[in-house]
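# Structure assessment
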Amino acid sequence: MAYRFRPVSADDLPMLRRWLESPEAVRWWGETNEQYVLLEDDLSNPLMRMRIVSHDGRPFAYLQDYDVGSWPQDHLAHLPKGTRAVDTFIGEQQMVGAGHGSAFLRLVAETLIEEGAPCVAIDPDPENLRARRAYARAGFVEEGLVQTPEGPAVLMVFKG
């Protein structure tokens, strides 16, 4: 499967808003306008790498990654210096459940490790079983339940 990753630009904001309006994104990411403003604000932040994921030339997912030291969070504080955290969602609903999430996330995690990250972390909602299964297929291992400012999460780590 051919996946491509490109930086998010201001031209992508209408597509990202549409994706954030999907019931799945609202359920796991939160209120559309709030999340949209966060994405819009992060466009100018060099510490946040924001990407659009495409498959065979068709954009279908959003991915961001950042150094855990750039946004200190208690539940990530024990991870080695240089660890990258990732957040992602599939925006095109017909692409959900077809193995794309685990496939592109593994590529991203392997690339981040090759770039020097000691590990890659992701922290899905405990009830988001679909995401947890996809992340496990991508090679992430559950470390346990953690508390975040948004509520409980399952910390999952990829070590390559």
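Figured I'd write up the structure that's included with this text. Every value quoted in this text rests on a predicted model; they were computed, and no experiment measured them. (Residues numbered from 1 in each chain as written. Predicted model: local features only at pLDDT ≥ 70, side-chain atom pairs only at ≥ 80, totals over all residues. Heavy atoms only, no water.)

Topologically, Leu107 is positioned in helix α4 (residues 100-114). Leu107 sits in the partly exposed class, given a relative accessible area of 36%. Between the C-alpha atoms of Leu107 and Gly160, which are 53 residues apart in sequence, the distance is 11 Å. (Helix = DSSP H or I, 4+ residues; strand = E, 2+ residues; numbered from the N terminus. Buried < 20%, exposed > 50% of the residue type's maximum accessible area, 1.4 Å probe, protein only.)

Take unusual backbone geometry next. In the Ramachandran plot, Asp56 falls in the positive-phi region, its phi being about 50° despite a non-glycine side chain. Tracing the backbone shows Asp56 in the loop between β2 (49-55) and β3 (58-67).

On to the nonpolar core. The biggest cluster of nonpolar side chains holds 26 residues, and the ones touching the most others in it are Leu16, Trp19, Tyr62, Leu76 and Phe89. At the level of elements, α1 (13-20), α2 (23-29), α3 (32-42), β2, β3, β4 (84-90) and β7 (151-158) are the ones that each hand at least two residues to this core. Broken down by element, this core gets its largest block of residues, five residues, from α1. Leaving out residues up to four positions away in the same chain, Tyr62 has contacts with Val8, Leu16, Trp19, Trp29, Leu39, Met50, Arg51, Asp87, Thr88 and Phe89. Listed in part, the 23 residues of the second largest apolar core include Leu105, Val108, Ala117 and Val154. (Core = buried A, V, L, I, M, F, W, Y, C linked by side-chain atoms within 4.5 Å. Contact = heavy atoms within 4.5 Å.)

This part covers a positive patch on the surface. Together, Arg27, Arg130, Arg133 and Arg137 make up a region of like positive charge exposed at the surface. When residues in the positive patch are grouped by element, the largest group, three residues, is from helix α5 (residues 129-137). (Patch = residues over 30% accessible without salt bridge, like charges linked within 9 Å, V, L, I, M, F, W, Y side chains within 5 Å. Areas by Shrake-Rupley, 256 points an atom, 1.4 Å probe, with all protein chains shown as cover. Salt bridge = Lys/Arg side-chain N within 4 Å of Asp/Glu carboxyl O. Lys, Arg positive; Asp, Glu negative; His and termini not counted. Charge placed at Lys NZ, Arg CZ, Asp CG, Glu CD.)

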